[in-house]
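Notes for the structure review
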Protein chains: 2
Amino acid sequence: MNFPSRLVEEAVAEVSKLPGIGKKTALRLVLHLLKQESYVTELLSGALLKARLNVRSCADCHCLSDEEKCTICINPRRDSQTLCVVEDTRDILAIENTGQYFGKYHVLGGVISPMERIGPDKLKIDSLLEKIEKNKDIREVILALSPTLEGDTTAFYITKKLRAYPLKISTIARGIPFGGELEYMDEITLGRSITTRTLFDPKED
Amino acid sequence: MNFPSRLVEEAVAEVSKLPGIGKKTALRLVLHLLKQESYVTELLSGALLKARLNVRSCADCHCLSDEEKCTICINPRRDSQTLCVVEDTRDILAIENTGQYFGKYHVLGGVISPMERIGPDKLKIDSLLEKIEKNKDIREVILALSPTLEGDTTAFYITKKLRAYPLKISTIARGIPFGGELEYMDEITLGRSITTRTLFDPKED
């Protein structure tokens, strides 16, 4: 780039290091900030720095947290008999947004993937087993992992490890998504949705 | 959003204020920064702040500049007989990237648009006339404005104002873009490219 301002060039270079942001988008964003009052940029960079320097992993569930333990772990109104195992913090957000789950979480930090050399030892599986060993309250473990080869492998691995405990182990339902059209659905999803069909009960709605 | 970390939530809120960045993209960017070493976030927010606080408008051509006058205006090797009039600093970048222009620039800061209540008085047209009045060196003014109704109106307005001076006034060529296919071109572009056809000279390539 041959920009009349070196400072703009440097800002564009930094912004375009973000994933999915090219040079042109970065330039558009930087020029936008230059047009705004300076407090806009101050708030933005302050919020990013504060998050980066203070956010850590919750000591209990390993999700992102401002304090040693996250707001969900210390919330006494959450059902501590149910534990939902997810891949990362983003999945917690998605599940929380549904408003359908009131238990606690456990973040694995990934899924088993031999291709990417991620074995069970690199995930928070040991701490999950430890938590279940210590905490006799837990009655049900919900495996909310992505329906991929890696997600399924991880689910199988955890299920095998948990067999020793008197627990109910469940997995989130797989099937046709809301609004999905049968004719465009892949065979595996459609086939599975037929074999794992549930009783139709209009009252449930 | 119901995120276990308030700081992440605040950072996402600030990032999603940027144009074209939604909540989900913002979250992806913030989580990316959290995974990186903290110096990445420090460099990013530092560069944004430094640009916002120090970048100003060049006193001469009104493009973005780190100093009172921009690097193009103070460059003695640029041809000061030619002045290219553009809408904003981004256009300078695009023209500089072609490597085909060696003169100076003048940034209008917009185009005349009665719909958006932007009259000639809101643009840097007076300072353009002043510059031409003072600077007898200038021989040619190139109008490099977008081929829109507003761009054309602005070009006409400036041309009328410049008639009093012994100047060559030109506009960038309009026609079929490189790689454009005739059959998909709109009639105005194609029609104009026929009426303003140029002599074919293979040596020019």
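That block above? That's the structure.
This structure is a prediction, so every number in the text was calculated from the model and none was measured. (Residues numbered from 1 in each chain as written. Chains lettered and ligands numbered in written order. Predicted model: local features only at pLDDT ≥ 70, side-chain atom pairs only at ≥ 80, totals over all residues. Heavy atoms only, no water.)

This paragraph deals with the relation of the copies chain B and chain A. At an RMSD of 0.1 Å, chain B and chain A line up after a rotation of 180 degrees and a shift of 0.0 Å along the axis. The superposition of one copy onto the other is thereby described by a two-fold rotation axis. Within chain B, the C-alpha atom positioned nearest to the axis of rotation is that of Ser 45 of chain B, 2.2 Å from it. Taken together, the interface assignments show that 100% of the residues at the interface of chain B recur at the interface of chain A, consistent with an identical surface on both copies. (Least-squares fit on C-alpha atoms with pLDDT ≥ 70 in both. Contact = heavy atoms within 4.5 Å.)

Counting residues at the interface gives 55 residues for chain B and 55 residues for chain A. Here chain B packs against chain A, burying approximately 5,000 Å² in sum over the two surfaces, 73% of which is carbon and sulfur. One can count 0 salt bridges joining chain B with chain A. Connecting chain B to chain A are 14 residue pairs in polar contact (both at pLDDT 80 or more). (Buried area = accessible area lost by both parts, 1.4 Å probe. Salt bridge = Lys/Arg side-chain N within 4 Å of Asp/Glu carboxyl O. Polar contact = N/O pair within 3.5 Å; in protein donor to acceptor, adjacent residues only side chain to side chain.)

In this section: the pattern of salt bridges. Residues and elements named next belong to chain B. One pass over the full model with this rule turns up 14 salt bridges over all chains. Among the ionic pairs, Lys 17 bridges to Glu 14, the shortest N-O distance being 3.0 Å. On the accessibility criterion, Lys 17 (52% relative accessible area) is exposed. The buried category is assigned to Glu 14, whose relative accessible area is 13%. A salt bridge links Glu 133 to Lys 136, with the nearest nitrogen and oxygen atoms 4.0 Å apart. Residue class for Lys 136 comes out exposed when judged on its relative accessible area of 60%. (Buried < 20%, exposed > 50% of the residue type's maximum accessible area, 1.4 Å probe, protein only.)

All names here are of chain A. Mapped onto the elements of the fold, Ser 146 is located in the loop between β5 (140-143) and α6 (149-162). Residue class for Ser 146 comes out partly exposed when judged on its relative accessible area of 34%. Along the backbone, Ser 146 and Leu 48 are 98 residues apart, and their C-alpha atoms lie at a distance of 29 Å. Residues contacting Ser 146, with those up to four places away along its chain left out, are Glu 87, Gly 151, Asp 152 and Arg 174. (Helix = DSSP H or I, 4+ residues; strand = E, 2+ residues; numbered from the N terminus.)

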